[in-house]
Amino acid sequence: METVLNIQNVTKYYGPLKALDNVSFDVPEKSVFGILGPNGSGKTTMLSIILDVLKATNGTYLWFGKPSTHEDRKQIGSLLETPNFYHYLSAYNNLKITQSISGRGSEDEIAEVLKKVKLHERQHSKFNSYSLGMKQRLAIAAALLGSPKVLVLDEPTNGLDPVGIAEIRELILELRNNGHTIIIASHLLDEVEKVCTHVAILKTGHLLTSGPVEEVLIDDDIVELGALNLNKLAEILKLIAKNVSIDSKQQMVNITIPKGSAKLEELNQYCFDHGVVLNHLVIKKKRLETKFFELTNN
């Protein structure tokens, strides 16, 4: 798989404040790459640097294997802030103005990008009649003008209700299936886990980890167990497992064990031999949210 973006030792100072500290990672072609981190971790600063809005103090980045050029920038659509659309104009006429000012693509593309974001049937409706989710999809349509290979989106679901979030999620997956590479900065870990193939996790400007989502989560499995007496179950499990916890809401006990080492039949027999009959026993995929908090809370 080819590399679309290569970031090498990027550092950024704002006066005495170091916003990014020697950050390096690669974004593979046709991936959905999530840049994650708490507020102040450097996500937006990183996006601003790779889009030539800010200049790095040190380090370099390569788009498509070479330093960024004006021609390369035409292959990159971006959404750092919601565009200043005119509320009294239709979606179509707003994009017509966007296309004219940016010089990206042609007016002939407008209907096509509106179809991609599923606004074609509402293209002549005024912007002020749109829901928040529709407004965000129109902003992504603006970023799609010029048929870019890459989309860079900063918090694309910020402020949206669950319906709007689901709409953007489906759109991102569809765009990836159509061959786009998508780079997203976000703090909504549940949504990122549903769409991203790769992640980089930042904390106070430092890169904690990066790579395919499955590799980032590779260290442990979570086994979920249920029984009538959860306290007794937890007590006997503490003799053989680490990180034993009772989930009172789900009425389950969770344990973590080295990935790939879970032997459910032996675990079931162990509990039975110690006087506990299990009524539930499954291996759960470790959540990105769990890994994120393990890394950022250390």
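Because the structure is predicted, anything quoted here is derived from the model rather than measured. Residue positions are given per chain, counted from 1 along the sequence in the order it is written. The predicted nature of this model means local features are confined to residues of pLDDT at least 70 and side-chain atom pairs, given and counted, to a pLDDT of 80 or more, with totals for whole chains, interfaces and linings taken over all residues. Water and hydrogen atoms play no part in the side-chain values, which are based on all heavy atoms of the structure.

1. A short note on the pairing of strand β2 (residues 17–28)
Applied cut-off: Here a strand pair is declared whenever DSSP counts at least two bridges between the two strands. Runs of H or I in DSSP of at least four residues are treated as helices and runs of E of at least two as strands, each being numbered from the N terminus.
Pairing of strand β1 (residues 3–14) with β2 involves 8 bridges; the strand directions are antiparallel. In the strand pairing of β2, L5 is matched with V27. Connecting β1 to the next strand, β2, in antiparallel fashion are 2 residues, including G15 with a positive phi near 60°.

2. Some remarks on the pattern of salt bridges
The test is simple: We define a salt bridge as a contact between a side-chain nitrogen of Lys or Arg and a carboxyl oxygen of Asp or Glu at a distance within 4 Å. When accessible area is computed with a 1.4 Å probe and restricted to protein chains, residues below 20% of their type maximum are described as buried, those above 50% as exposed, and intermediate ones as partly exposed.
Per the counting criterion, the structure on display carries 5 salt bridges. A salt bridge links D21 to K18; the nearest nitrogen and oxygen atoms lie 3.4 Å apart. A relative accessible area of 22% places D21 in the partly exposed class. Classification of K18 as partly exposed rests on a relative accessible area of 32%. The partner of K118 in a salt bridge is E174, with the nearest N and O atoms 2.7 Å apart. With K118 in the loop between α4 (110–116) and α5 (132–144) and E174 in helix α6 (residues 162–177), this residue pair connects regions lying 56 residues apart in the sequence. Take K118: its relative accessible area is 54%, and that puts it in the exposed class. Exposure remark for E174: the relative accessible area of 33% places this residue in the partly exposed category.

3. Examining the sheet that holds β2
As a reminder, the rule being used: All axes are obtained by fitting lines to C-alpha atoms, using only the stretch in contact for helices, and the reported angles, taken between N-to-C directions, cover 0 to 180 degrees.
Pairing within the open sheet is antiparallel, and its 3 strands lie in the order β2-β1-β4. Taken across any chain shown, the strands that pair with only one partner, and hence form the sheet edges, are β2 and β4 (58–63). Averaged over all neighbouring strand pairs, the angle between strand axes comes to 15°, with direction disregarded. The sheet contact formed by β1 and β4 spans 5 bridges and is antiparallel. Bridging from a neighbouring strand, I7 pairs with Y61 of β4.

4. Focus on the side chain of Q99
Filter applied, for reference: Polar contact is the term for a pair of N or O atoms within 3.5 Å; when the atoms are in protein, one must be able to donate a hydrogen and the other to accept it, and sequence-neighboring residues count only if both atoms are side-chain atoms.
Tracing the backbone through its elements, the reader meets Q99 in helix α3 (residues 91–102). Among the polar contacts made by the side chain of Q99, one reaches the main-chain carbonyl oxygen of G105 at a distance of 2.9 Å.

5. Quick notes on the sheet that holds strand β6 (residues 150–154)
Cut-off, in case you're wondering: When checking whether two residues touch, look at their non-hydrogen atoms; a contact exists if any pair is within 4.5 Å.
Read from one edge to the other, the open sheet built from 6 strands follows the order β5-β6-β7-β3-β8-β9, with strand pairing classed as mixed. Two strands in the sheet have a free side with no partner beyond their single neighbour: β5 (76–79) and β9 (206–212). Each strand of the sheet is rotated relative to its neighbour by a mean of 10°, with strand direction disregarded. Of the strand pairs in this sheet, strand β3 (residues 32–36) and strand β7 (residues 181–186) are connected by 5 bridges, and their pairing is parallel. The residue bridging V32 from the neighbouring strand is I182, located in β7. Helix-sheet contacts for α5 involve β5 and β6, and the interaxial angle to β5 is about 155°.

6. Concerning the packing of aromatic side chains
Our working rule: In summary, the pairing rule links any two rings of Phe, Tyr or Trp, Trp by its six-membered ring, whose centres are within 6.5 Å, and it sorts them by plane angle into stacked for under 30 degrees, edge-to-face for over 60 and tilted for everything else.
Throughout the structure, instances matching the rule amount to 5 aromatic pairs. Measuring from centroid to centroid gives 5.3 Å for F85 and F127, while their planes differ by 55°, and the two rings are tilted. In this pair, F85 sits in the loop between β5 and α3 while F127 sits in the loop between α4 and α5, placing the two residues 42 residues apart along the sequence. You'll find F85 and F127 in the same group, each marked buried. Centroid distance Y86 to Y88: 5.9 Å. Interplanar angle 55°. Geometry classified as tilted.

7. Structural notes on unusual backbone geometry
Of note in the backbone geometry, N22 takes a positive phi value of approximately 60° without being a glycine. Note on placement: N22 falls in strand β2. A relative accessible area of 46% means that N22 is categorised as partly exposed. Even without glycine at this site, D52 takes up a positive phi of about 65°. The residue D52 is located in the loop between α1 (43–50) and β4 in this model. For D52, a relative accessible area of 41% translates into the label partly exposed.

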